[in-house]
Each structure stands twice: as C-alpha cells, then as structure tokens.
Amino acid sequence: MKVRVILTLAVLAVFALAGCGGGGQTVDKPAQAKAPQLIRYNLCTEPETLDPAQATGQPEGTVLSNMFEGLVRYGPNNEIRPGIAREWSVSADGLIYTFKLREAKWSNGDPVTARDFVYSWLRLLDPKTASEYAYQLFYLKGAEEYNSGQGKSEEVAVRAKDELTLEVTLKAPAPQFLGLTAYPSLFPVNPRVDKESPDWAKSMDKYVVNGPFRPVKWDHNQRIDLVKNEKYWDAGSVRLERLEIYLVDNIDTGYNMYQAGQLDFQEEVPTQEMARLKGGNGVKIYPDASVYFYRFNVTKKPFNDPRVRRALAMSINRLELVDKVTQANQVPAYSFVPIGIPDETGRDFRQNAGNQFFKEDLAEAKRLLAEAGYPDGRGFPRVSILTNAHAGHQKVAQAVQQMWKQNLGVEVGVTVQEWQVYNDSQDKLNFEICRAGWGPDYLDPMTFIDLFVTNGGNNDTGWSNREYDALVAKANAAADPKVRMEAMRQAEKILISEMPVMPIYFYTNPNLVRDSVKGVIVPPFAISADFKQAYIE
Amino acid sequence: MARFVLRRLVTMALSLWLIITVTFVIMHSVPGGPFSSEKKAPPAVLQNLNARYHLDDPHWKQYLDYLGGLAAGDLGPSFKYDRTVNEIISQCFPVSALLGAVTVLFSLAVGLSLGVVAAWRPNCWPDYAALGLSTIGFSVPSFILSGLLMYLFAFRLNWLPPAMWGGWQHLVMPVLALSALPTAFIARLMRSSLLEVLRQDYIRTARAKGLSPAGILFNHALKNSLLPVVTYLGPLVAGVFTGSFVVETIFAVPGLGRYFVTGVLNRDYTLILGLTIFYAFFLMLMNLLVDLVYLLLDPRIRLAGSGGDRDGLQKAQG
C-alpha cells in the first residue's frame, strides 16, 4: 500500500512540476473579429543560422528577409523597388554601379551608412568568415582574389564615396547584379554590434536589424517571435504588429495545428490533402520559377545517342503526371527555362520563346528508338532512374517507369539513395538517369542556361557542345540586353534539340493560407514569404 | 564496492574511447560531407570552409584534435548549426529528460500494475486482458500511435493542443505515445518474474501463516520480483531520456532526439560524435547504477570479484 501511494504521489508531483516549469503556452485562439495584426507562420524547420553572411538555405533567407533590408527589395509583382538605396545609376559599360542611400536607421538607433555595406560585403568575402555563399559577390572586381587569400580587402571594388553613397565596380557586365542586392547574403549588418559582440547572431538580445520586423525571442525548434520594427524607414507600410514564426518540422503536424487554429500560414501542404484543399479551401497556389527534370548520363550507353534521349523525352504524358501524381497545377515543360523569368522586353522569357520546343509524340519516339537500334525496346540495356528518398520523387519515378514500359517497351529500374549519397552519385556521374530540380539564384535566364556549359560544376550530365558554350560566352560578354537574350534563346534551342536533360514540369508553390491573411508576397524564388505588407482582415 | 565502481569507470572510459574511434572512422567513410550541396561551390569557398573547420587536416590529426578538445570538455562547434554541440545538448537534453522521466514513471506505474494483475490470477481473464494490452503496446509503432492520439485528442475532441512544448497539456500525448512499448515490456517482465516468485516456498509459508494477499505482495513478493524490471530500466532510461526522433518530431518537442538523425543526414561530424559520446556515457552510467541498485534489492547478491559482473551476480543468487 505504501509503495503504491508513494508511486502515485510521485507521478502527480512530476505532472505538477511540469506544469510549473513549462512556459505556460496554451492552445492559441484563432484570429478574432477585431483582427489582431498577428500572423503565425510555420517555417517547417529550425534555421541553421541567422547570420546573413552564413545563411544559405531558403528558410534562413526567409526569416532574414523579414528582418533586414538590402539595397533593393522585390515588390509584389517581382519588380525591383528601392530598399535602403533610394536611387541608383549604372555606367554606360555596365561596370560601375552608384547607389544613393536614404537616411535609414538600425533598430538600435544607429544610422545605416554606405560604410555598413562595405563592412558587410567584405565580411561576406573574408576567407576567415568561410561563408558558403561568398561567391554571390564574385561579380565584384578583386572579390574572388580576396576570398581565395590572394588579394587584399582594400582591392575589392566596393567603397563608400560618402556616408550615403556606395560605389561598386564589376568585373564584367551582369544585369542580374542589381536584383542580387535584395538577397540575404548581401544584407548589411551593423558594424558596431558585430565588432563588439561577434556572436550577436546566436541570440536575439544583441540582434540589430534594419528591416520591417525585429526579433524578440528565438526558442530553438519551437518559435521565433518578431515584432514590428518602429525604426524601419518604411514602418508606415507595415501593418502587422507581430509575426510568430513556428519551427515545426513535421508538415502533417503543422496541418493539424492549422486546423486547430494555432497556425495561419504554412509553406508546405501535405500531399494527401492537396487534391482536397486545392480549390481555394485553404490552399493558395503561387508561381515558382523552378524546373523539374531528369538528367541523362551522356557518357554511358545508350544515352550517348541523342535519338534515345529524345525518344524517352517524347514518350511520357506530362499532363497525366501533374494531374494524377503531383496534383499541384504544375505546368508541363517542353523547354528548360521556367515561367517567371523576365527577358529584355520585360515580358516573360517563355512568352517570347514559347514552350513548345518538342512534343510528346509516341509514333516519332518509337521510330527514333528503332533507328537507334532498339526497336520496341528490344536489347535496351538495363538502366535505372536515380532519385533521393522523398516520397513525391519516388512516385514520379514510378509513373515515368510505367509510362516508358507501356509506351516503348523500355524497362528501367528506380534506385533510391539518401540525399547526400544521391548528391555524390550525381556529381560523380554514377547514374544512368537522375532526377533533378533547379531554382534560380536570381531572376534571369542565365542562372539556368549556364548550367550546361562544358565541365560546368552543375552540369552533371557529361554533355558538351561547343556551339552552346560559345553562345553562353557571347551572352555573358554582351552589354546589349537584346543580344544577350537572343544568344540565350538560341542556346536553349540547342539544349532541347540534343536533350541531355529531359524537362518534365515547371514547379508551382502551393501554400496553406488562412483566408484572413492578406498581402503576403510569395516570391517565385529565393525566399518563401515576405510579410512586409501583410495584414489580417 | 569502491573498487568495483572504480574498475567499472575504467572499463567505461575504454569503451568510450573505442566507440569514439569506430564512429569517427565510419563517419568519414560515408560519402558526402557537412558542406556538400546540390550547388557546387567554387574552390576558394570550399578551401575556406575546410580551413575553418580543419577538414583539410589529415584524418589522424582531426581525430587527435577532437580527443584533445574532448579532454577539455569541448565537443566542438556544430558544422551545420550556428551553435556548439555543448549548447545543443544543454538546451535540448533537459526537455527530453523531462519527457523521459514522466514516461518512465508512467510506464512503471501502469506496467507494474498490469504485471501484478496478470500474475496474481494467471490464465484468467485479467491475465489475458493484461497480456493482450501489452502485445498491442509493443506492436503498434510509435508514429502510428502518435498520429492516432493527435487525431483523437487534438482534432476530434479538442481537449489538448496538437503539438509544441510548454505546459502539462503538451506532455500528455507524447508520454502516452512513448510509454506504450516500455509499459508492455515491464508488464510482461513483471508477470513472469512474479509468477516465478509466487511459486517459492516462503510465499507458501506466508500464506499458511495467514498473511493477506496484499501483505504477501508488498512485504515479500514485489521486491524479489523487481530484478528483471530494474535490469530493463537501465537501457530504457538511457534510451528514453535522450529523446525519440519520431515522437519529438511529430509533437514538435524541442528535445535531443531529432539531432541524432539530422546530424547523420547532414554529416555534421562533431554533432554525431558528441551525441554518440553523450548517449554511450549515459547508457553506461545507467547500467552502473542498475548494478548498484541490485545490491539494495537483494542482499544475497555480492559484487563479483573478477570480471563478468552480471553473471557473477546471478550465480550468487543461487
């Protein structure tokens, strides 16, 4: 009897202690009639770092973009708007950029100056910082040399002509550079804070920002709490008072929290709910300028023969794939550069170049395959589609596997590898067919076109075409945007006609969004959500 | 006893060293690394990264540097997160430990009760019910149980918050999900052990003397049948206190469990090593405590003079 009593008391005591020790977070109430300006957003992962010079991932970039502001900022229609820089000019040869800054303040009252940008950009390039994204600034003269330890920081071509004027000199013309200054790696940091407390990015009490929101708390693996930054130069446009960023890894759990009224916005939608929620019942589908494709290893038989590659590319039903398998209104791709990338006319690259470089044509595919020596798939070597261990990719691979078997008589296997092993295999060309996806680093076709130059670091197909390389070089050297774009259009035609990669679809970005949430900018690349103009209705 | 503990500590240190070495070798043999990514970085950037984290040193030097840091209690920086491994463990372990403690207490309370009920009237309906429950307990995987609990209590009934951490309401579902398996085990262990004890002559004597069933149970039977449960408790505490990846991810509990898995996926070498050492040390410590608890439970047990402690203990029991 004594033992039992003691045991029971012990259990009760622990429960009581747990209640006292906890943070006292109870079930949150959903947004009420008086609409408190609070949005609860699930980032779906713990950020690896909140130091702009170290951040590489999209989740990190998303949090940072809501706390900082670079020289420019993207608006709701992917247009570049003035940020900390109120105006800028580019020299005729496209090499010298002069930015005139406005009188903005840091959240601790310090003024934001051109020197802050010089300090921060040199910090990104400093070999001791060992930033993975230092190469984002390699456009600058002297930058790569400094980062390789072969140049001095004084030789990097960025300087503060005065308190509010920043001058940058590039190695070669690069129209994408302006948009890049909106990117987290190029955000300024407060030099005074960085010198006094080098570990300022690890805790929120020393964290100083110049953007729409400032941080209050970072509970690892739980939540980051942001409040409106009253010292932000454009604080007048910010309607939200509080932004709570949840860090819940499990998407299904996040969905349950959304159902329970604990969350308002989540970037990922559970695949099994997608079809049900699509028609406006809580899911909004945003554009995503990324392409989903399969690589062929052109150094291995039978993929050294372009006829085989074209045959395989022409014999799958992309509409059926996006309708039945991926189910998020993706767009079948018959070209490589995704929708959402502007060209020299300001219109969409795809609008001017079209999305019909090849067609799904079974008869033609069969003919090509027979011509290549594998009539009806007879004698086709046993090959495999390599993918990483993600349920969605495996489903697509199985669907494609079946389509090839049914349509061409070609049997392929599906090999699943863990993410890093898969990356390694892709890099070392240890595959026959490999699934891949690519998103833009900046809004310009070059970020897709320059993938497939000979020996390109991200080529990963073994494909090499001198004409293609020449066109890419021509585009990179051209100061005239029309010449540049035309060269890239030609290059894309060559890419598709030789088909070292088989485009499947252009991504879309479905998000779980409560109806009362308005004004969130969901860009087609780089970051997941910008809450500067968001509000609750 | 002091000699026993001392000798045990020495074997612990040797085991830890062996574990560190094997983990180190395996880690570096697996393809990929902490800074492999889909987008290949230019050589200058990779060079700087390797220099900063000493990944360009030969493996034996990295190994010795690590051991050196370890001697000073420094588990190194995480390669993936902007925190040191010490910080990650000190921030996340208390959460997992609290969840673990409540789970163990709950499992003991329910498991022991079920075991006693089953053993008291063997092969009657309470026995079958208890056995049935325990079979379900260790057959249903924790992620299914978690999903069911969340559906029932958070979605349908709205009694509890679906996830996150903070108050006692956030403890209920993770504890229930985590304790299914241990409860089942403890119930079964208790049942078979108690059945064995109840057959003994001294129990028959006690009954003959007229001692009440409750008296027999609490004065004689329980203490003597607890040994197998205590044995199980050692690894159980070590496993549950260091966090369960599945339950913590599903219920968004900020514990240590997830880092075991993400550390490997990210090839975060220092985190992997640090967590392995932490878990190994904790496990060995728990086993040592379990051996010492034996002494309290059964006065017939003598600490073995030479190696093979547990065998020595069993032999002494006769």
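Here is what the cut-offs are and how they apply
- Residues numbered from 1 in each chain as written.
- Chains lettered and ligands numbered in written order.
- Predicted model: local features only at pLDDT ≥ 70, side-chain atom pairs only at ≥ 80, totals over all residues.
- Helix = DSSP H or I, 4+ residues; strand = E, 2+ residues; numbered from the N terminus.
- Buried ≥ 20, exposed ≤ 12 C-beta atoms within 10 Å, placed from the backbone.
- Contact = placed C-beta atoms within 7 Å.
- Pairing = 2+ DSSP bridges.
- Nonpolar A, V, L, I, M, F, W, Y, C, P; charged D, E, K, R; others polar.

## Re the overall build of chain B
Then comes step 1: Of regular secondary structure, chain B possesses 14 helices and zero strands.
Then comes step 2: Across chain B, helices and strands are ordered from the amino to the carboxyl terminus as α-α-α-α-α-α-α-α-α-α-α-α-α-α.
Then comes step 3: Overall, the C-alpha framework of chain B stretches about 85 × 60 × 30 Å when taken along its three principal axes.
Then comes step 4: Per-residue burial over chain B gives 36% buried out of 318 residues.

## A word on the environment of Ile245 of chain A
Residues and elements named next belong to chain A.
Then comes step 1: For Ile245, the position within the fold is in strand β10 (residues 242-246).
Then comes step 2: For the pair Ile245 and Gly75, spaced 170 residues apart in sequence, the C-alpha to C-alpha distance is 22 Å.
Then comes step 3: Aside from chain neighbours lying at most four places away, what touches Ile245 is Tyr41, Leu43, Val63, Arg223, Ile224 and Leu226.

## Observations regarding the pairing of strand β8 (residues 213-219) of chain A
Residue and element names in this part refer to chain A.
Then comes step 1: The sheet contact formed by β8 and strand β9 (residues 223-228) spans six bridges and is antiparallel. For Arg214, the partnering residue across the bridge sits in β9 and is Val227.
Then comes step 2: Connecting the antiparallel pair β8 and β9 is a turn made up of three residues, with Asn221 showing a positive phi of about 60 degrees.

## Quick word on the pairing of strand β7 (residues 165-169) of chain A
All names here are of chain A.
Then comes step 1: Here β7 shows one buried face, formed by Leu166 and Val168, and one open face, formed by Thr165, Glu167 and Thr169.
Then comes step 2: For strand β5 (residues 96-101) and β7, the ladder comprises five bridges, and the chain directions are antiparallel. The partner of Tyr97 across the bridge, within β7, is Val168.
Then comes step 3: Of the strand pairs in this sheet, strand β6 (residues 158-162) and β7 are connected by four bridges, and their pairing is antiparallel. Along β7, the bridge assignment pairs Ala160 with Leu166.
Then comes step 4: Between the end of β6 and the start of β7, which pair antiparallel, lie two residues.

## Comments concerning helix α7 (residues 251-259) of chain A
One turn of the α-helix equals 3.6 residues, which is why residues spaced by three or four share an orientation.
Then comes step 1: Taken residue by residue, α7 of chain A has Thr253, Gly254, Tyr255, Asn256, Met257 and Tyr258 of chain A as its buried positions.
Then comes step 2: Residues of α7 of chain A that are buried in the fold lie against β1 (38-42), β11 (265-266), α8 (271-277) and β17 (501-513) of chain A together with α6 (142-156) and α11 (245-250) of chain B.
Then comes step 3: Positive backbone phi, approximately 85 degrees, marks Gly261 of chain A, located one or two places after α7 of chain A.

## Section: the interface of chain A and chain B
Then comes step 1: Each partner contributes to the interface: chain A provides 48 residues, whereas chain B provides 48 residues.
Then comes step 2: For the side of chain A that touches chain B, the secondary structure elements donating two or more residues are α1 (2-21), α4 (143-147), α7 and α14 (419-427) of chain A.
Then comes step 3: It is α1 of chain A that provides the largest number of residues to the side of chain A that touches chain B, a total of eight residues.
Then comes step 4: Here the residues of the side of chain A that touches chain B sort into 19 nonpolar, 22 polar and seven charged.

From the geometry alone we can't say anything about function, so treat these as descriptive.
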